[in-house]
Amino acid sequence: MTIPARPPPVVSRRAAWSWRSRSLRRWVYQALAVAAVVGLVAWLFSNTWANMRARGIQGGFGFLTDSAGFEISESLFDFSSSDPYWKAFLVGLGNTLRVAVAGCLLTTVAGVLIGIGRLSSNALVRGLCQAYVELFRNVPLLIQLLVWYLIFVEILPPAREPLSLGGLIFLSKGGLALPAPAASAGWGWVAGGLAAGVAIAATLGLRARRRFQEAGGRPPSLVLQPLAIVLCAGLLGWLVGGMPTAWEVPELGGFSIEGGVSLTPEFMAVLLGLTAYTTAFTAEVVRAGISSVSRGQLEAGASIGLPRSLVLRLVVLPQALRVIIPPLTNQYLNLTKNSSLAVAIGYPDLVSVANTSLNQTGRAVECITLIMLVYLVLSLLTSALMGWFNRRVAIKER
């Protein structure tokens, strides 16, 4: 006797437009939340605008096209007092990026070295790295900036009697003077070649690392091969650009150092202060990331004959990066935002230019809004870049 098969159970499908649909409720709740936020922001702006008009305060961003009427002590491009305010803000943004990018690069290198030193088997190296971290991490950043600035303007010798390194580099109260290539189209080709070399080396390195992770074999070089590619690309650009050789070497003049490229005491104080402070936190991030890798991984690498350098490079760091990158992103964001303290020592960053513009025009809301938007965009761009890098180096399961 055959038992008739049971018909499949009838599954009631709720219509997508029904309130009982979870998907519909989710979209409705999100739309209500967005509408509430937009409404709140619109009410704040309208209320602020009404209060400003009631008190006779002018508003709007039209002042950005007016003549600034003030000079800026240092800039990446030409600026005069007759230029408009928007160009002054660009100068401040350029000075902020100048400090932030250089600080992030120096912090990364110094933080990795000190973080590895914190785990060194040498007691002296471990103690010095720990002392550095405890000292610079527990002293407020503003005080550190003031100390670095006082070193440049009070302790260093005057510009007429600078400290010299081989007659090429001078350090004094006037700042740091370095040799620089003379302005010519040939050096532009060299810079373009070096940039292309960096891009090619990075692309080839990622592909070689992916092949190594998938198929094994000899690990790609992280130093020699990329360095050779960059140098060859720079040499090719030098040959195409007519083989320029002219350099501007700083020379000691009557009252100051002339020629070359000069880094002002304000810039050096901000850069050193931000780097020294953030390096202490970055070193702890690196130390924690390396410590998160179990000791068995190190022993497994040593058991197959890998030297300590390859164990650190091929076994420890790929796993530690998953722990290091997220908090390292926070340190990059903190360094960029902490650069706003440069106004305390007279460095003309974005905040300094905005404060001067605010005092001259009285457009407080507009100037503060510009500052907030710029730092918001910089933070979002940094987070997006580090998020992309985090996904690239993430260990993918087979």
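Here's what I pulled together on the structure shown here. The structure presented is a predicted model; accordingly, all values stated were derived computationally and were not measured.

## Overview of the layout of surface pockets
Here is step 1: Its volume calculated, the second largest pocket comes out at about 620 Å³.
Here is step 2: Residue assignment for the lining of the second largest pocket shows that the elements contributing at least two residues are helix 7 (265-291), helix 8 (295-303) and helix 9 (308-338).

## Concerning helix 1 (residues 22-54)
Here is step 1: Over its 33 residues, helix 1 runs 48 Å from end to end, which matches the ideal 48 Å to within 8%, given 1.5 Å per residue.
Here is step 2: Looking one or two residues past helix 1, Gly 56 carries a phi angle of roughly 75 degrees, positive in sign.

## Thoughts on the environment of Phe 267
Here is step 1: Here Phe 267 shows up in helix 7.
Here is step 2: C-alpha separation for the pair Phe 267 and Leu 335, spaced 68 residues apart in sequence, amounts to 14 Å.

## Quick notes on the packing of aromatic side chains
Here is step 1: On inspection of all chains with the given rule, the structure shows 6 aromatic pairs.
Here is step 2: Grouping aromatic residues by their ring pairs yields a cluster made of Phe 63, Phe 70, Phe 79 and Tyr 85.

## Here's the deal with the packing of helix 10 (residues 350-361) against helix 11 (residues 364-393)
Any two packed helices are characterised by how steeply their axes cross, that is the angle between the axes, and by the distance between the axes.
Here is step 1: Following both chains from N to C, one finds helix 10 and helix 11 inclined at 165 degrees, their axes separated by 9 Å at the closest point. Taken together, helix 10 and helix 11 sit at an angle that is classed as roughly antiparallel. Relative to helix 11, helix 10 is oriented so that their crossing is right-handed. In contact with Leu 350, Val 351, Ala 354, Ser 357 and Leu 358 of helix 10, helix 11 contributes Ala 364, Cys 367, Ile 368, Ile 371, Val 374 and Tyr 375.
Here is step 2: By residue class, the composition of the contact of helix 10 with helix 11 is 10 nonpolar, 1 polar and no charged.

## A few points about the packing of helix 2 (residues 85-117) against helix 7
Here is step 1: Look at helix 2 against helix 7: their axes get within 6 Å of each other, and the N-to-C directions meet at 40 degrees. With respect to helix 7, the element helix 2 is oriented oblique. Like other packed secondary-structure pairs, helix 2 and helix 7 cross with a definite hand, here right-handed. When helix 2 is examined against helix 7, the residues Arg 98, Val 99, Ala 102, Gly 103, Leu 106, Thr 107, Ala 110, Gly 111, Val 112, Ile 114, Gly 115 and Ile 116 are found in contact with a partner set consisting of Phe 267, Val 270, Leu 271, Leu 274, Thr 275, Thr 278, Thr 279, Thr 282, Ala 283, Val 286, Arg 287 and Ile 290.

## Examining the sheet that holds strand 8 (residues 261-263)
Here is step 1: If you walk across this open sheet you meet the 4 strands as 1-2-3-8, and the pairing is antiparallel. Single-partner strands in this sheet number two, and they are strand 1 (163-165) and strand 8. Geometrically, the sheet is characterised by an average inter-axis angle of 15 degrees between neighbouring strands, direction not taken into account.
Here is step 2: Relative to strand 2 (residues 169-172), strand 1 runs antiparallel, the two being bridged by 3 bridges. In the sheet register, Ser 164 faces strand 2, and the bridge partner there is Phe 170.

## Section: helix 7
Here is step 1: When the terminal C-alpha atoms of helix 7 are compared, their 38 Å separation across 27 residues agrees well with the 39 Å that a helix rising 1.5 Å per residue should span.
Here is step 2: Thr 279 marks the point of greatest bend in helix 7, at about 30 degrees.
Here is step 3: Counted residue by residue, helix 7 has 22 buried out of 27 residues, so it is predominantly covered.

## Comments concerning the nonpolar core
Here is step 1: In terms of nonpolar packing, the biggest core is built from 33 residues, with Val 99, Phe 267, Met 268, Val 270, Leu 274, Ile 324 and Tyr 347 touching the most fellow members.
Here is step 2: Broken down by secondary-structure element, the contributors of at least two residues to this core are helix 2, helix 4 (141-155), helix 7 and helix 9.
Here is step 3: Top contributing element to this core by residue count: helix 7, with 10 residues.
Here is step 4: Among all residues touching Val 99, those that are not within four sequence positions of it are Phe 267, Val 270, Leu 271, Leu 274, Leu 335, Ser 339 and Tyr 347.
Here is step 5: Core analysis: the next-biggest nonpolar cluster, separate from the first, contains 18 residues, Leu 64, Phe 79, Phe 89 and Cys 367 among them.

## What about the pairing of strand 3 (residues 175-178)?
Here is step 1: In the sheet, strand 2 pairs with strand 3 via 3 bridges, with the strands oriented antiparallel. Looking at strand 3, one finds that Leu 171 is bridged to Leu 176.
Here is step 2: Between strand 2 and strand 3, which pair antiparallel one after the other, the connecting turn spans 2 residues.
Here is step 3: The sheet contact formed by strand 3 and strand 8 spans 3 bridges and is antiparallel. Bridged to Ala 177 within strand 8 is Ser 262.

Calculation notes
- Residues numbered from 1 in each chain as written.
- Predicted model: local features only at pLDDT ≥ 70, side-chain atom pairs only at ≥ 80, totals over all residues.
- Heavy atoms only, no water.
- 1 Å grid on protein atoms, 1.4 Å probe; cavity = no way out; pocket = protein on both sides within 12 Å on 5 of 7 lines; lining within 4 Å.
- Points joined across faces, edges and corners; volume = space filled by probe spheres on them.
- Helix = DSSP H or I, 4+ residues; strand = E, 2+ residues; numbered from the N terminus.
- Expected span 1.5 Å × (residues − 1).
- Phe/Tyr/Trp six-rings, centres within 6.5 Å; stacked < 30°, edge-to-face > 60°.
- Axes fitted to C-alpha atoms, helices over the stretch in contact; angles between N-to-C directions.
- Parallel < 35°, antiparallel > 145°, perpendicular 65-115°, else oblique.
- Left-handed = near helix turned anticlockwise from the far one by under 90°.
- Contact = heavy atoms within 4.5 Å.
- Nonpolar A, V, L, I, M, F, W, Y, C, P; charged D, E, K, R; others polar.
- Pairing = 2+ DSSP bridges.
- Bend = angle between axes of the 7 residues up to and from the residue.
- Buried < 20%, exposed > 50% of the residue type's maximum accessible area, 1.4 Å probe, protein only.
- Core = buried A, V, L, I, M, F, W, Y, C linked by side-chain atoms within 4.5 Å.

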